[in-house]
Amino acid sequence: MNRKTKTVLRGTGSCLPSRIVANDEFVRTIDTSDEWIRTRTGIHERRFASPGETSATLAIAAARKALSKAKLDPHEIDLIICATITPDMMSPANACTIQAALGCRQIPAFDISAACTGFIYAMSIGDQFIRSGTAKNVLIVGTEVLSRAMDFTDRNTCILFGDGAGAAVLSASDQETSGIQYISLYSDGVNQNLIQAPARVIKQAAPGEATVEHVRIHGREVFRFAVYRMVELIQEATLMVERLGLKIDLMVPHQVNRRIIDSALSSTGFPVEKVMINLDRYGNTSAASVPIALDGAIREGRAKPGDTVLLVAFGGGLTWGSAIVTL
Ligand code: UT7
């Protein structure tokens, strides 16, 4: 491995469906209210894909914007990794659909499944391809259409999720200050039943076992898991940035529930002014949540070149992880 090679974030992009679904739309079909959803989650509205949109089409649009920001042509990309739990098909991978649509060379392209932590997993894989010298430019995408996996009679879940895609181009660089400083990834399959999304090829249910046909969550348990792990990830990252002689300018957490973020901030003392929050507009977009928020932070000028950004995510698997990146 060339130890001098570092992985820099060269460009980001995102794509949200144009269809806005306000909290009030749920009131017609389930026993809920705009007030309950706003106060218990912080979500005001989310985006749902229209019939012609899929996780691949949203990903392609986000990827084009990231490539344009990175000032790279599609043929300069050496690897595509797409994080999603709602791919168009099990095969081909969304990443292959993206490769074809962008007109990339016959490069490796594959999907990964790590739910809401997927983008950070993809970033870690891309980083390792770059630092080993195997790839120079890697396109990573997080994309979801969870609206297609919802039970719209289940008020515990259907109000939480939205659709969208976020992308980033990672590139090899020999300069020392910016780039990926640290990534940590975790999983705990023992508690997998807390968040479940259906497989496209449904697993054979054991006698008496219910088949998972829609996204199913154990909200309170997930809430506790999310706060606990978010606190742990912030504490770990705080120690790491001290060791690296850096400071965190902005945290971009997975956008699930405003109360989860607030609880983690009050436990760690991390200042709310340094946190990117867009869940009021987009809800929880799973693997797309962190890259959409990161792209928004960069476009809104909240994360500037030279800033060190902490990405934090947690979700189904269970999985969780973080990345420290200097822009
Ligand atoms: O990315 C990972 C996936 N994300 C998650 O799993 C989300 C994590 N969990 C959460 O964000 C929160 O736990 C929820 C938003 C899901 C629920 O909030 P909560 O404050 O933990 O509510 P709760 O589950 O303790 O339920 C309180 C009450 C219940 O009624 P009863 O049993 O007290 O009569 C629920 O049935 O709120 C009821 N409730 C609702 N009421 C109106 C649950 N959903 C709704 C709703 N509208 N949409």
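Fair warning: this is a prediction, and the values are worked out from it, not measured in the lab. (Residues numbered from 1 in each chain as written. Predicted model: local features only at pLDDT ≥ 70, side-chain atom pairs only at ≥ 80, totals over all residues. Heavy atoms only, no water.)

A. Highlighting the packing of helix H3 (residues 55-70) against helix H4 (residues 94-102). The N-to-C vectors of H3 and H4 enclose an angle of 55 degrees; their axes lie 9 Å apart at closest approach. One way to sum up the angle between H3 and H4 is to call them oblique. Where H3 crosses over H4, the handedness of that crossing is right-handed. Between H3 and H4, the residues in contact are Ser55, Ala56, Ala59, Ile60, Ala63, Arg64 and Leu67 and Asn94, Thr97, Ile98, Ala101 and Leu102, respectively. Partitioned by chemical class, the residues of the contact of H3 with H4 number 8 nonpolar, 3 polar and 1 charged. (Axes fitted to C-alpha atoms, helices over the stretch in contact; angles between N-to-C directions. Helix = DSSP H or I, 4+ residues; strand = E, 2+ residues; numbered from the N terminus. Parallel < 35°, antiparallel > 145°, perpendicular 65-115°, else oblique. Left-handed = near helix turned anticlockwise from the far one by under 90°. Contact = heavy atoms within 4.5 Å. Nonpolar A, V, L, I, M, F, W, Y, C, P; charged D, E, K, R; others polar.)

B. Representation of the site of the ligand within the structure. Close contacts around the ligand come from 22 residues, with Thr32, Arg40, Arg220, Asn257 and Asn284 the closest. Within the side chain of arginine 40, a nitrogen or oxygen atom sits 2.7 Å from an oxygen atom of the ligand. Histidine 254 has a polar side-chain atom sitting 3.3 Å from an oxygen atom of the ligand. When the ligand sits alone it has 940 Å² of accessible area, and the protein chains cover 78% of it. Looking at the shell around the ligand, the elements with two or more residues in it are helix H2 (34-41) and helix H6 (219-244). Here the shell around the ligand gets 4 residues from one element, more than from any other, and that element is H6. Class assignment for the residues of the shell around the ligand results in 10 nonpolar, 7 polar and 5 charged. (Near = heavy atom within 4 Å. Polar contact = N/O pair within 3.5 Å; in protein donor to acceptor, adjacent residues only side chain to side chain. Areas by Shrake-Rupley, 256 points an atom, 1.4 Å probe, with all protein chains shown as cover.)

C. Geometry of the pattern of salt bridges. Using the criterion set out here, one finds 10 salt bridges in the structure. For the salt bridge of aspartate 262 with arginine 258, the shortest nitrogen-to-oxygen distance reads 3.0 Å. Taken together, the residues aspartate 262 and arginine 258, both in helix H7 (residues 258-268) and 4 residues apart, mark about one turn of the helix. Look at aspartate 262 and you get partly exposed, because its relative accessible area is 33%. Among the ionic pairs, lysine 304 bridges to aspartate 307, the shortest N-O distance being 3.8 Å. (Salt bridge = Lys/Arg side-chain N within 4 Å of Asp/Glu carboxyl O. Buried < 20%, exposed > 50% of the residue type's maximum accessible area, 1.4 Å probe, protein only.)

D. Broad picture of the domain arrangement of the protein. Partitioning the protein into domains gives domain 1 (6-173) and domain 2 (179-326). Averaged C-alpha coordinates put domain 1 and domain 2 at centres separated by 14 Å. Listed as interface residues are 52 residues of domain 1 and, on the opposing side, 48 residues of domain 2. Interface of domain 1 and domain 2: buried area, both sides summed, is about 4,000 Å²; carbon and sulfur atoms make up 65% of it. Ranking the residues of domain 1 by area buried against domain 2 places Cys116, Ile120 and Tyr121 at the top, with a combined share of 16%. Taken together, the links from domain 1 to domain 2 amount to 0 salt bridges. At the boundary of domain 1 and domain 2, one finds 19 residue pairs in polar contact (both at pLDDT 80 or more). (Domains from an automatic or database assignment. Buried area = accessible area lost by both parts, 1.4 Å probe.)

E. Molecular detail of the packing of aromatic side chains. Across all of its chains, the model carries 3 aromatic pairs by this definition. Centroid distance phenylalanine 48 to phenylalanine 152: 5.9 Å. Interplanar angle 65 degrees. Geometry classified as edge-to-face. Of the two residues, phenylalanine 48 is situated in strand S3 (residues 45-48) and phenylalanine 152 in the loop between strand S6 (137-145) and strand S7 (163-173); the sequence distance between them amounts to 104 residues. Judged by its relative accessible area of 5%, phenylalanine 48 falls in the buried class. Residues tyrosine 186 and tryptophan 320 carry aromatic rings whose centres are separated by 5.6 Å and whose planes lie at 15 degrees to one another, so their mutual orientation is stacked. In this pair, tyrosine 186 sits in strand S8 (residues 179-187) while tryptophan 320 sits in strand S13 (residues 319-326), placing the two residues 134 residues apart along the sequence. For tryptophan 320, a relative accessible area of 4% translates into the label buried. Grouped by ring-pair contacts, the aromatic residues Tyr186, Phe225 and Trp320 constitute a single cluster. (Phe/Tyr/Trp six-rings, centres within 6.5 Å; stacked < 30°, edge-to-face > 60°.)

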